Amino acid sequence: MSLYDKLRKARKRMGQSQMEVATNVGISNAALSNYETGYREPDIETLKRLALYYDVSLDELYGIKDIGKNPLYDLWAVLRNNDIAFNGKRYRLKDSQRQALRRHIATFFEQLEPVETVPRGDESGRVIPTNGTAKGSHGKNGQSKDGKSAATGSLTAQTNKSQK
């Protein structure tokens, strides 16, 4: 798959229009369209901004590593951050707001059956899958017996249920 295909795939995976991405990255809509059709290639600085915006590495864009169809994000790890993006808007949470949101999310996920246990997310919340993930049960506050968050696996379970 070529660079322009990967740029288009990364944007569509985020569910955003070319106009939204172009505005947020600081380039023109025409430039992004040219990058996604293969008419032009972005310079390295633009490519870095696009990679950061899409939350992919340059290796993934150049095909050295594969861009996952649906990357997993550990919501518990994401909520360690003060700044949260939701539905195209950025919010700065106070500690009390972040804790309340974590409680609400944990309560929601306690009602779901996890599909599998996955590694905890990194600073961005992105889960890097490892070989041989095991099924597990999660208890109170969204934590498994081994201390891993239930949020990611349960989100996958919810998505799978809604697709049936």
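Residues numbered from 1 in each chain as written. Predicted model: local features only at pLDDT ≥ 70, side-chain atom pairs only at ≥ 80, totals over all residues. Heavy atoms only, no water.

Q: Help me out: how do you make sense of the pairing of strand β1 (residues 83-86) in this one?
A: A regular strand places its side chains so that they alternate between the two faces of the sheet. In this structure, β1 lies alongside strand β2 (residues 89-92), joined through four bridges in antiparallel fashion. The residue of β2 that forms the bridge with Asp-83 is Arg-92. The loop that links β1 with its antiparallel partner β2 comprises two residues; one of these, Asn-87, has a positive phi angle of about 55°. (Pairing = 2+ DSSP bridges. Helix = DSSP H or I, 4+ residues; strand = E, 2+ residues; numbered from the N terminus.)

Q: Explain the nonpolar core here, please?
A: Here is a general trend for soluble globular proteins: nonpolar side chains tend to be buried in one another's company. Counting residues in hydrophobic clusters, the biggest one holds 16 residues, and the most contacted among them are Leu-7, Leu-32, Tyr-35, Leu-50, Tyr-54 and Leu-61. Mapped by element, the contributors of at least two residues to this core are α1 (3-14), α2 (18-25), α3 (29-37) and α4 (44-54). Element by element, the count of residues in this core is highest for α4, at four residues. Excluding residues that lie within four positions of it along the chain, Tyr-35 makes contacts with Tyr-4, Leu-7, Ile-27, Arg-40, Glu-41, Pro-42, Thr-46 and Leu-50. (Core = buried A, V, L, I, M, F, W, Y, C linked by side-chain atoms within 4.5 Å. Buried < 20%, exposed > 50% of the residue type's maximum accessible area, 1.4 Å probe, protein only. Contact = heavy atoms within 4.5 Å.)

Q: Can you walk me through α2 in this structure?
A: An α-helical turn contains 3.6 residues, so a residue and the one three or four places further along point in the same direction. Burial in α2 covers these residues: Val-21, Ala-22 and Val-25. End-on view of α2: buried residues confined to an arc of 100°, all on one side of the axis. Exposed positions of α2 whose direction lies more than 90 degrees from the buried face are Met-19 and Thr-23. Those residues of α2 hidden inside the fold are in contact with α1, α3 and α4. With its phi angle positive at about 90°, Gly-26 sits one or two positions after the end of α2. (Arc of directions from axis to C-beta.)

Q: Any chance you could explain the packing of aromatic side chains here in plain terms?
A: Aromatic rings considered in pairs are described by the distance between their centres and by the relative angle of their planes. For the structure on display, the rule yields two aromatic pairs. For the pair Tyr-53 and Tyr-54, a centre-to-centre distance of 5.9 Å together with 65° between the ring planes defines the contact as edge-to-face. The partly exposed category is assigned to Tyr-53, whose relative accessible area is 22%. Residue class for Tyr-54 comes out buried when judged on its relative accessible area of 1%. A centroid spacing of 5.1 Å and a plane angle of 80° characterise the contact between Phe-108 and Phe-109, whose relative ring orientation is edge-to-face. Judged by its relative accessible area of 35%, Phe-108 falls in the partly exposed class. (Phe/Tyr/Trp six-rings, centres within 6.5 Å; stacked < 30°, edge-to-face > 60°.)

Q: What exactly am I supposed to notice about the packing of α1 against α3 here?
A: When two helices pack together, their arrangement is captured by the angle between the axes and the distance separating the axes. Interhelical geometry of α1 versus α3 gives an angle of 120° and a closest axis separation of 6 Å. Here α3 runs oblique to α1, going by the angle between their axes. Each of Tyr-4, Leu-7, Arg-8 and Arg-11 in α1 lies in contact with α3, whose residues at this interface are Leu-32, Tyr-35, Glu-36 and Thr-37. Broken down by class, the residue content of the contact of α1 with α3 amounts to four nonpolar, one polar and three charged. (Axes fitted to C-alpha atoms, helices over the stretch in contact; angles between N-to-C directions. Parallel < 35°, antiparallel > 145°, perpendicular 65-115°, else oblique. Nonpolar A, V, L, I, M, F, W, Y, C, P; charged D, E, K, R; others polar.)

Q: I would appreciate a short explanation of unusual backbone geometry in the present structure.
A: In most cases, non-glycine residues show a negative phi, while peptide bonds are predominantly trans. At Asp-55, a position not held by glycine, the phi torsion is positive, near 60°. In this fold, Asp-55 is placed in the loop between α4 and α5 (58-61). Note on Asp-55: relative accessible area 26%, which makes it partly exposed.

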